[in-house]
Amino acid sequence: MRLHRPSGTLADGNDPVSLTPEDAGWSYTGLRVVLVPAGSTRILHTGDSEAFVVPLAGSGTVHVDGLTFELRGRDSVFTRVTDFAYIPRDAEVRLSSAHGLEAALPLARCERRLTPKYGPAEDVPVEVRGAGQATRQVTNFGVPGVWDHADKLNACELITPDGNWSSYPPHKHDEASDCEVVNEEIYYFRIAGRDGITPSRAGFGLHRTYTADGALDENVAVRDGDVFLIPRGYHGPCVASPGYPMYYLNVLAGPAPKRSMAFCDDPAHTWIRERWRDEPADPRCPVTDHRGRRP
């Protein structure tokens with residue numbers, strides 16, 4: 001399985017990303033990133049997967065099952081926490097936009113067909129996780145306990161200020177145990193340019209995935225628009241290079257009968273959590289909320 005998929009390698013026509021479970025080489029998790037030009041409409045079909053519609057840039061309207069959801073969106077993933085919509089399996093979705101929309105559609109193959117639902121930005125909790133140079137923002141829009149209107153799909157967003165580490169300590173979720181469940185996971189990266197807001201291929205970050213037995217040992221530079229697949233093993237850190245803030249969308253799904261994002265730390269590094277109790281968080285976090293960028 002090829003884990004790192006650089007920007008452009010998953011493109012489908014003008015859409016930047018089209019990744020099915022078959023493309024990934026697993027069973028549940030997928031991702032689409034679609035473009036809706038200004039003044040136009042796109043028609044999509046979810047098939048056997050449920051989805052979120054998450055604006056990355058711009059705003060738009062979602063029409064599904066006779067319902068209409070207006071998504072205010074944002075200028076970029078570094079400017080605001082966005083509203084979103086949940087779309088069930090076996091649905092025809094029309095996305096329209098007056099001024100243009102780039103949207104991510106996290107996907108999870110599922111059995112139950114639920115109803116469509118709107119998620120307002122003001123109800124999305126923003127968490128500051130870690131401390132010191134491992135401080136980051138976690139935007140928990142589609143996680144269990146916050147958003148329970150899904151069958152298999154879990155999703156959240158992270159913003160890592162430039163120079164900081166996230167997805168740390170390294171952790172895994174590849175077996176059913178006392179502390180973890182099995183989940184396939186996608187990382188979709190956006191890297192800001194010099195202004196800290198506008199995504200750009202000029203900057204880069206680093207990502208690590210490995211297994212205890214050394215069968216996987218991936219250390220890669222990731223750039224704006226890249227995708228990384230986590231079939232198993234410990235993953236982390238994700239490191240934002242100085243000068244280039246990092247965003248990533250996490251998409252998780254798996255065979256467990258109940259949605260969960262439970263994981264186990266790499267025992268070699270879990271001690272760092274104790275140190276964070278006495279270490280202040282980076283004051284740059286939170287970076288955003290539903291009102292916009294934080295002062």
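Details of the structure are given in the entry above.
Residues numbered from 1 in each chain as written. Predicted model: local features only at pLDDT ≥ 70, side-chain atom pairs only at ≥ 80, totals over all residues. Heavy atoms only, no water.

Undergrad: Any details on the packing of aromatic side chains? Residues and values, ideally.
TA: Per the counting criterion, the structure on display carries 13 aromatic pairs. With a centroid separation of 6.0 Å and an interplanar angle of 70 degrees, the aromatic rings of F52 and Y86 are classed as edge-to-face. Of the two residues, F52 sits in strand 5 (residues 49-64) while Y86 sits in strand 7 (residues 84-87), which places them 34 residues apart along the sequence. The burial state of F52 is the same as that of Y86; both residues are buried. On the basis of an interplanar angle of 75 degrees and a centroid distance of 6.2 Å, the ring pair of F52 and W147 is categorised as edge-to-face. In this pair, F52 sits in strand 5 while W147 sits in the loop between strand 12 (136-142) and strand 13 (154-160), placing the two residues 95 residues apart along the sequence. W147 shares its class with F52; the two are buried. Residue placement shows K117 over the ring face of W147; its charged tip is 5.1 Å from the ring centre. (Phe/Tyr/Trp six-rings, centres within 6.5 Å; stacked < 30°, edge-to-face > 60°. Helix = DSSP H or I, 4+ residues; strand = E, 2+ residues; numbered from the N terminus. Buried < 20%, exposed > 50% of the residue type's maximum accessible area, 1.4 Å probe, protein only. Lys NZ or Arg CZ within 6 Å of the ring centre and 35° of its normal.)

Undergrad: So, the pairing of strand 16 (residues 184-191): which residues are in play, and what are the values?
TA: Judged by how many residues are buried, strand 16 sits mostly within the fold: eight of eight residues are covered. A two-sided burial pattern is seen for strand 16, the buried positions comprising E184, I186, Y188 and R190 on one face and E185, Y187, F189 and I191 on the other. One ladder, built from eight bridges, connects strand 16 with strand 21 (residues 246-253); its direction is antiparallel. In the sheet register, Y187 faces strand 21, and the bridge partner there is N250. (Pairing = 2+ DSSP bridges.)

Undergrad: Give a detailed account of the layout of surface pockets, specifying residues and quantitative values.
TA: Here the largest pocket is characterised by a volume of approximately 290 Å³. In this structure, the largest pocket is lined by 19 residues; those nearest its centre are R129, H171, N250, M261 and F263. Of all the secondary-structure elements, those providing two or more residues to the lining of the largest pocket are strand 12, strand 13, strand 16 and strand 21. Per-element tally for the lining of the largest pocket: the top contributor is strand 12, with three residues. (1 Å grid on protein atoms, 1.4 Å probe; cavity = no way out; pocket = protein on both sides within 12 Å on 5 of 7 lines; lining within 4 Å. Points joined across faces, edges and corners; volume = space filled by probe spheres on them.)

Undergrad: Break down the state of the cysteines for me, citing the residues and quoting the values.
TA: Using the criterion set out here, one finds one disulfide in the structure. In this model, C179 is linked to C264 through a disulfide, with the two sulfur atoms separated by 1.4 Å. In this structure the cystine formed by C179 and C264 twists about its S-S bond by roughly 80 degrees; its chirality is therefore right-handed. With C179 in the loop between strand 15 (171-172) and strand 16 and C264 in strand 22 (residues 264-265), this residue pair connects regions lying 85 residues apart in the sequence. Exposure remark for C179: the relative accessible area of 36% places this residue in the partly exposed category. Under the relative-accessibility criterion, C264 is labelled buried at 11%. Not engaged in a disulfide, the cysteine C156 finds its nearest cysteine sulfur in C238; these two sulfurs lie 11 Å apart. On the accessibility criterion, C156 (5% relative accessible area) is buried. Owing to a relative accessible area of 0%, C238 belongs among the buried residues under this scheme. (Disulfide = S-S within 2.5 Å.)

Undergrad: Just give me the short version of the pattern of salt bridges, but keep the residues and values in it.
TA: Within this structure, the stated rule accounts for 23 salt bridges. Residue E127 is joined to R129 by a salt bridge in which the shortest nitrogen-to-oxygen separation is 2.9 Å. By relative accessible area, which is 29% here, E127 ends up partly exposed. Here R190 ties to D224 by a salt bridge, and the two come within 2.8 Å at their closest N and O atoms. One end of the pair, R190, is in strand 16; the other, D224, is in the loop between strand 18 (217-222) and strand 19 (227-230), and 34 residues separate them in sequence. The pair formed by R190 and D224 is uniform in burial state, with each residue classed as buried. Connected through salt bridges with shared partners, the residues K172, D174, E175 and E180 form a single ionic network. (Salt bridge = Lys/Arg side-chain N within 4 Å of Asp/Glu carboxyl O.)

Undergrad: Tell me what's going on with the environment of R89, and back it up with residues and numbers.
TA: Secondary-structure assignment places R89 in the loop between strand 7 and strand 8 (92-97). On the basis of relative accessible area, R89 is assigned to the buried category, the value being 15%. Between the alpha carbons of R89 and E180 there is a distance of 27 Å; along the sequence they are 91 residues apart. Excluding anything up to four places from it in sequence, R89 contacts T46, G47, D48, S49, E50, C110, E111, R112 and R113. There is a polar contact of 2.7 Å between the side chain of R89 and the side chain of D90. (Contact = heavy atoms within 4.5 Å. Polar contact = N/O pair within 3.5 Å; in protein donor to acceptor, adjacent residues only side chain to side chain.)

Undergrad: If you had to explain the sheet that holds strand 16 to someone new, which residues and values would you point to?
TA: Strand order in this open sheet of seven strands is 1-19-16-21-13-12-11, and the pairing throughout is antiparallel. Either end of the sheet is taken by a strand with one partner, and the two such strands are strand 1 (4-5) and strand 11 (126-129).

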